[in-house]
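Listed below are the residues making up each chain.
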Amino acid sequence: QLDFYHFPGKTMSALQLQFAQLKQAYSHSPYPDYQQRRQQLTALRQAISQHGDALCTAVSEDFGYRSSDETRLLEIMPSLSGIDYHKKQLKSWLKPEKRHVHYSFMPASNRVMVQPLGVVGIIVPWNYPVYLALGPLMAAIAAGNKAMLKLSEYTPATNKVLTAICQQALAADVMVIEGDAEIAAEFSRLPFDHLLFTGSTAVGRKVMQAAAANLTPVTLELGGKSPVVIAPDADIGQIAKRILFGKTANAGQTCVAPDYVLVPADKLELLISELCQAFSAFYPDFATNPDYSAIINKAQYQRLMTMLEHAHSSGARVINCDLNSDAATVNSERRLALQLIVGADDNSNLMEQEIFGPLLPLIPYHTLAEALDYIQQRPRPLALYLMSNDSDTQQQVLKQTHVGGVCINDTLVHVAQDDLPFGGIGPSGLGNYHGKEGFLRFSHQKAIHQKGWFNSGRFIYPPFNRKMFKAILSWLTR
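Here the structure is a predicted model, which means the values were calculated and not measured.

Student: Help me understand the pattern of salt bridges, please; the structure alone is not making it clear to me.
Tutor: Per the stated rule, a full pass over the model turns up 11 salt bridges. Glu97 serves as the salt-bridge partner of Arg99, at 3.3 Å between the closest nitrogen and oxygen. Classification of Arg99 as partly exposed rests on a relative accessible area of 43%. We classify Glu97 as partly exposed; its relative accessible area is 41%.

Student: Which parts of the structure should I look at to understand the packing of helix α5 (residues 131–142) against helix α6 (residues 156–170)?
Tutor: Closest axis-to-axis distance for the α5/α6 pair is 13 Å, and the angle between their directions is 15°. What the angle tells us is that α5 and α6 run roughly parallel. α6 is crossed by α5, and the crossing has right-handed handedness. Between α5 and α6, the residues in contact are Ala133, Leu134, Leu137 and Ile141 and Leu162, Cys166 and Leu170, respectively. Of the residues belonging to the contact of α5 with α6, the class tally is seven nonpolar, no polar and no charged.

Student: I would appreciate a short explanation of the packing of helix α13 (residues 368–376) against helix α14 (residues 391–400) in the present structure.
Tutor: Each packed pair of helices is defined by two parameters, the angle between the axes and the distance between the axes. Where α13 meets α14, the closest approach of the two axes is 11 Å, and the angle between their N-to-C directions is 25°. Our classification of the angle between α13 and α14 gives roughly parallel. In terms of crossing hand, the pair formed by α13 and α14 is right-handed. For the pair α13 and α14, the contacting residues are Leu368, Leu372 and Gln376 in the first and Thr393, Gln396, Val397 and Gln400 in the second. Looking at the contact of α13 with α14 residue by residue, the classes come out as three nonpolar, four polar and no charged.

Student: What is the right way to read unusual backbone geometry from this model?
Tutor: For residues besides glycine, phi is generally negative; the peptide bonds are generally trans as well. Of note, the bond from Met106 into Pro107 is cis; its omega dihedral lies within 30 degrees of zero at -5°. Mapped onto the elements of the fold, Pro107 is located in the loop between β1 (97–99) and β2 (109–116). Looking along the chain, the bond that leaves Pro462 and enters Pro463 is cis, with omega of 5°. With respect to the helices and strands, the residue Pro463 is situated in the loop between β20 (443–450) and α16 (467–476). If you check the backbone angles, Leu215 has positive phi at about 55° while not being a glycine. For His434, which is not glycine, the phi torsion reads 90° and is therefore positive. Within the element layout of this structure, His434 appears in the loop between β19 (432–433) and α15 (435–441).

What counts, and where the lines are drawn
- Residues numbered from 1 in each chain as written.
- Predicted model: local features only at pLDDT ≥ 70, side-chain atom pairs only at ≥ 80, totals over all residues.
- Heavy atoms only, no water.
- Salt bridge = Lys/Arg side-chain N within 4 Å of Asp/Glu carboxyl O.
- Buried < 20%, exposed > 50% of the residue type's maximum accessible area, 1.4 Å probe, protein only.
- Axes fitted to C-alpha atoms, helices over the stretch in contact; angles between N-to-C directions.
- Helix = DSSP H or I, 4+ residues; strand = E, 2+ residues; numbered from the N terminus.
- Parallel < 35°, antiparallel > 145°, perpendicular 65-115°, else oblique.
- Left-handed = near helix turned anticlockwise from the far one by under 90°.
- Contact = heavy atoms within 4.5 Å.
- Nonpolar A, V, L, I, M, F, W, Y, C, P; charged D, E, K, R; others polar.

What follows is the structure in structure tokens.
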């Protein structure tokens, strides 16, 4: 019987029917207990571990090539670690939280109870198809929800493995959806109890607009131009590899990858030299190196090459970090070496759009205030990376910039911290998750005020002309 929920139109689509089935299943078990949630997380962890090799193979197939070690490091390891953290903290998160009661309402008690929202929708991007599916999913399950995953049409092999994992571990609680942009649009219009989208800012606007028709609350994990700020005190030799790791992991196809570097003008040439040497050390024999990922498809590859060609034609200085080759790329394999760009056109796509690939503009500055002003004049980014050991500089940058998250003297790895919220601000995102914030993101915090047999409220009931009422009112408003 599915008539408890009505959709516009005379008949349900297949997607609407799946949603209705999950909604009905939730209505039969609206508050899974601690043991049930822990068992679900344990089953999910076991399924991920059992399918680890298959995930690595599938991701590499979808990308054209990606190192299994990189997939394990960037996707499987944080997924398993995140589940372990949820299991460790879940009991304490579920405890009702006592709250203060004003003396005028005594005797009574106040508490906040966390309750599942219901059915949660999760739209997964292609760039980290494992972690960006399982990260939100573990939070939704820990919070006691059912979930629908909309996986990217660009990762069909990975989708098959993720579907098998969900069917093995969470068959009664999770439905996996595949399909193109049309299916994604219909998915966004379903009346979820919460919808989480990870992807571009442009698509995020459309998702939010679609969700608004049902007043569905949304979490948007978007992107933007995440800067690296190299402070004057930074040691270029020490920080070059840290910048390089963040930029070349997954060939730069990362929402929190450094998008440009602000560097003191007198250290620009040293930075170029150190980055190129570090690239050669990371990826010797680049054309055949087994640790470097391909660009996922021809469309993304061509988009990056168009940016690079425009940089050349507009007079920018372009430095190929593959010191053993004059060519930037091996076209047949969509392998693009890191390209440093100095003097890029500020109005170009390279400088206005999220790069999502191994192109890295370097922008020299003369004062730190000038660098911070450059960031402040642009849309608020998802991440900021500060290279400095000076505490005053650190506080200055933290207080004068608005960003989703910050790494000081590192890049990328703040996303993998189990107990730090992850999310953007403004055009780089709305809301956050991970850790307790993820648990609360997919929960309703229900306020509960409780009284016993004695009702102190009777003294303020009408009629209001009583001496007792006026005395109490005078005391409370004195």
